[in-house]
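Next come the chains, spelled out residue by residue.
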Amino acid sequence: MNRDASIKAFEEAQRLIPGGVNSPVRAFKSVGGTPIFITEGEGAYLSDVDGNRYVDFVQSWGPLIFGHRDETIEKAVIEAVKHGLSFGAPTQAETDLAKLVVSFFDSIDKVRFVSSGTEAVMSAIRLARGFTGRDDIVKFTGCYHGHSDSLLVQAGSGAATFGNPSSPGVPADFTKHTLLATYNDIESVKKCFADSKDIACVIIEPIAGNMGLVPADKEFLAQLRELCDANGSLLIFDEVMSGFRASLYGAESITGVKPDILTLGKVIGGGMPVGAFGARAEIMAMLSPDGPVYQAGTLSGNPVAMAAGLASLTKLKQNAPVMAVLEARAKRLVEGMREAAKEYGIIMQTDVRGSMFGFFFNEKPVKNFADAAASDAQLFAKFHSGMLDEGYYFACSLYETGFISTAITDEMIESTIEATKRVFKAITNG
Ligand SMILES: *Cc1c(COP(=O)(O)O)cnc(C)c1O
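Here the structure is a predicted model, which is why all the values come from computation and not from measurement. (Residues numbered from 1 in each chain as written. Predicted model: local features only at pLDDT ≥ 70, side-chain atom pairs only at ≥ 80, totals over all residues. Heavy atoms only, no water.)

Engineer: I'm lost on the environment of Gly-62 in this one. Help?
Structural biologist: By secondary structure assignment, the location of Gly-62 is in the loop between strand 3 (53–56) and helix 2 (71–81). Judged by its relative accessible area of 1%, Gly-62 is buried. Between the C-alpha atom of Gly-62 and that of Val-240, which follows or precedes it by 178 residues, the distance is 9.3 Å. Setting aside residues no more than four positions away along its own chain, Gly-62 makes contact with Arg-245, Val-267 and Phe-403. (Helix = DSSP H or I, 4+ residues; strand = E, 2+ residues; numbered from the N terminus. Buried < 20%, exposed > 50% of the residue type's maximum accessible area, 1.4 Å probe, protein only. Contact = heavy atoms within 4.5 Å.)

Engineer: What is the right way to read empty space enclosed by the protein from this model?
Structural biologist: Taking a probe equal in size to a water molecule and rolling it over the atoms shows the remaining empty space. Evaluation of the coordinates by the stated rule reveals one cavity of 30 Å³ or more. As for the largest cavity, its lining consists of Phe-57, Phe-357, Gly-358, Phe-359, Phe-380, Phe-394, Ala-395, Ser-397, Leu-398, Glu-400, Thr-401 and Gly-402. Taken together, the residues that form the lining of the largest cavity break down as seven nonpolar, four polar and one charged. (1 Å grid on protein atoms, 1.4 Å probe; cavity = no way out; pocket = protein on both sides within 12 Å on 5 of 7 lines; lining within 4 Å. Points joined across faces, edges and corners; volume = space filled by probe spheres on them. Nonpolar A, V, L, I, M, F, W, Y, C, P; charged D, E, K, R; others polar.)

Engineer: I'm lost on the sheet that holds strand 16 (residues 402–403) in this one. Help?
Structural biologist: Spatial strand order, 13-14-16: three strands in an open sheet with antiparallel pairing. Two strands bound the open sheet, and with one partner strand each, they are strand 13 (349–353) and strand 16. Of the strand pairs in this sheet, strand 14 (residues 356–360) and strand 16 are connected by two bridges, and their pairing is antiparallel. In the sheet register, Met-356 faces strand 16, and the bridge partner there is Phe-403. In this fold helix 12 (residues 322–343) packs onto strand 13 and strand 14, with an angle of close to 175 degrees to the strand it touches most, strand 13. (Pairing = 2+ DSSP bridges. Axes fitted to C-alpha atoms, helices over the stretch in contact; angles between N-to-C directions.)

Engineer: How should I be thinking about the domain arrangement of the chain in this particular structure?
Structural biologist: Interfaces are frequently sized by the accessible area removed from exposure as the parts join. Parsing the chain into structural domains produces domain 1 (4–57 + 321–429) and domain 2 (71–318). Across the boundary between the two partners, domain 1 contributes 27 residues, which contact 27 residues of domain 2. In total, domain 1 and domain 2 occlude about 2,200 Å² of area from one another, counting both sides; carbon and sulfur atoms represent 69% of this. Between the two partners, domain 1 and domain 2, sit one salt bridge. The closest approach of N and O atoms between Asp-217 and Lys-367, which form a salt bridge, is 2.9 Å. Counting across the interface, domain 1 meets domain 2 through eight residue pairs in polar contact (both at pLDDT 80 or more). The dominant element in the side of domain 1 that touches domain 2, judged by the number of residues it contributes, is strand 14, at four residues. Among the residues forming the side of domain 1 that touches domain 2, the class breakdown is 15 nonpolar, seven polar and five charged. (Domains from an automatic or database assignment. Buried area = accessible area lost by both parts, 1.4 Å probe. Salt bridge = Lys/Arg side-chain N within 4 Å of Asp/Glu carboxyl O. Polar contact = N/O pair within 3.5 Å; in protein donor to acceptor, adjacent residues only side chain to side chain.)

Engineer: Hey, could you run me through the packing of helix 7 (residues 186–195) against helix 8 (residues 218–231) in this one?
Structural biologist: Packed helices, taken two at a time, are described by their axes: the angle between them and the distance between them. At a minimum axis distance of 10 Å, the contact between helix 7 and helix 8 shows a crossing angle of 10 degrees. Taken together, helix 7 and helix 8 sit at an angle that is classed as roughly parallel. Here helix 7 contributes Ile-186, Val-189, Lys-190 and Phe-193 to the contact with helix 8, which in turn contributes Phe-220, Gln-223, Leu-224, Leu-227, Cys-228 and Asn-231. Its residues assigned to classes, the contact of helix 7 with helix 8 shows seven nonpolar, two polar and one charged. (Parallel < 35°, antiparallel > 145°, perpendicular 65-115°, else oblique.)

Engineer: Can you walk me through the site of the ligand in this structure?
Structural biologist: Near the ligand, the surroundings consist of Ser-116, Gly-117, Thr-118, Tyr-144, His-145, Gly-146, Glu-205, Asn-210, Asp-238, Val-240, Met-241 and Lys-266. In the model, an oxygen atom of the ligand is placed 3.1 Å from a nitrogen or oxygen of the Asn-210 side chain. In this structure, Lys-266 approaches the ligand through a side-chain N or O atom, which is 2.6 Å from an oxygen atom. Contact with the protein chains hides 83% of the accessible area of the ligand, taken as 380 Å² for the molecule alone. Of the residues belonging to the shell around the ligand, the class tally is three nonpolar, six polar and three charged. (Near = heavy atom within 4 Å. Areas by Shrake-Rupley, 256 points an atom, 1.4 Å probe, with all protein chains shown as cover.)

Engineer: Can you help me understand the pairing of strand 7 (residues 199–204) in this one?
Structural biologist: Side-chain direction in a regular strand flips from residue to residue, so the side chains alternate between the two faces of the sheet. Burial runs high along strand 7: six of the six residues are buried. Here strand 5 (residues 136–140) runs beside strand 7; their pairing, made up of three bridges, is parallel. If you follow Val-138 over to strand 7, its bridge partner there is Val-202. Bridge count between strand 7 and strand 10 (residues 234–238): four bridges; the pairing is parallel. Counted as the bridge partner of Cys-201 is Leu-234 from strand 10.

Engineer: Sorry, what's going on with the state of the cysteines here?
Structural biologist: Cysteine pairs can be linked by a disulfide, which is a covalent bond between their two sulfur atoms. Per the counting criterion, the structure on display carries zero disulfides. In this structure Cys-143 is not part of a disulfide, and its nearest cysteine sulfur, from Cys-192, lies 13 Å away. The exposure class assigned to Cys-143 is buried, which follows from its relative accessible area of 0%. (Disulfide = S-S within 2.5 Å.)

Engineer: I'm lost on the confidence of the model for the chain in this one. Help?
Structural biologist: Predicted coordinates in areas of low pLDDT are best not read in detail. Averaged over every residue, the pLDDT of the chain is 95; the share at 70 or more is 97%. Low pLDDT, under 50, characterises residues 160–165; the predicted model gives this stretch 15 contacts beyond four residues in sequence or across chains. (pLDDT = per-residue confidence, 0-100.)

Engineer: Looking at this structure, I do not really get the pairing of strand 14. What am I missing?
Structural biologist: In terms of residue burial, strand 14 counts as a mostly covered element, since five of its five residues are buried. Side chains Met-356, Gly-358 and Phe-360 project from strand 14 onto one buried face, and the interleaved Phe-357 and Phe-359 project onto a second face that is buried too. Counting the residues between successive antiparallel strands, the hairpin from strand 13 to strand 14 contains two residues, one of them, Gly-354, with a positive phi of roughly 60 degrees.

Engineer: Just checking my understanding: could you explain the sheet that holds strand 6 (residues 178–181) for this structure?
Structural biologist: As a general point, the strands of a sheet are linked pairwise by backbone hydrogen bonds and lie either parallel or antiparallel. Ordered in space as 4-12-11-10-7-5-6, the seven strands form an open sheet in which the pairing is mixed. At either end of the open sheet lies a strand with only one pairing partner, and these are strand 4 (110–114) and strand 6. Between one strand axis and the next, the sheet turns through 20 degrees on average, direction left out of account. Relative to strand 12 (residues 275–279), strand 4 runs antiparallel, the two being bridged by five bridges. The residue of strand 12 that forms the bridge with Arg-112 is Phe-277.

Following this line, the structure appears as structure tokens:
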């Protein structure tokens, strides 16, 4: 497969943009090789500047649940653009999207829109601190909550891949309020509560997708809920990735555990920059201008972004059974991959939640970040590069999750499995 044009484009980009990319994980550093420069997406496919075509299992890292250039979303966006790109004043679309978002989750009465997942989580933390009057927060190693200062402590994916979990430029004074616990290990959380009486909130990806796909055990989440209640701390579910991906109705519908604050992003914007955080009315009342906790954004609730979100979530709501179809395809994919690997003596751990799928080249089940990190990174890099040559675009880090869109057909799943067989064969022979 010829990638000369991508290589050239990347060289030029590197002269002008740090690492040639505007978000680190895109740089292919952990798998080697050159990132592919995209010209176009269409349904399940991505096309690159060399004219190659790939089945896309990244989907812009989650947002595109209906694949590229979904007709309904595209139309809604074009219609919105015709009325103006931004007003900095209220529009009906914001209320409509708020109504829709709230309708999916039992746990939230009100929601505020921002422009990214990072902003949503950063604001949710501020709200939790404002509401409780406390400073400390508990996060889990391997969970990623965006790149804001106090949350950039032992985060997964990009941060994990590059081995600088706490970034230079983040003062120790900021992160001293961030206590670290181990995913799926309630004793480690109890220890945090023993160490601090000032815990405003525990934040968790209830279905972690930034250390690969690692869902939290139900029992563990239930115990978290109890610990938070017993200590007067809030529980935040960061579902920026898993929201509308693992289930239409949130992790609370899968696990039965409800958060106090919920953060959303990715799918909620249908490909446009949107994030959101919501909570019950009593908590949201703390937020400016109703309350004293400040939070704002020039482009928050942007009309074009709201139109994309509305179109995307409306379509999801009207086609709710589609989640089961996506889940069945995701399950078939990872089962097929696992069987193919086994034929060549390679052991894989796999998991699926809705349209999210994960796999590790690991002998043991993965329950937390240390388990994920014990996976075979070299084998992953070979697998990634082999699949790319076969025309399948998988996330370029073993700490990422894969996504099925409605544009990916059963036939594509089967051909992907066939391709994995060829790739495993080549890897084990080479
Ligand atoms: C992607 C992600 C974020 C950050 O969202 P951005 O839109 O990239 O700022 C936060 N939390 C989780 C769980 C995410 O997956």
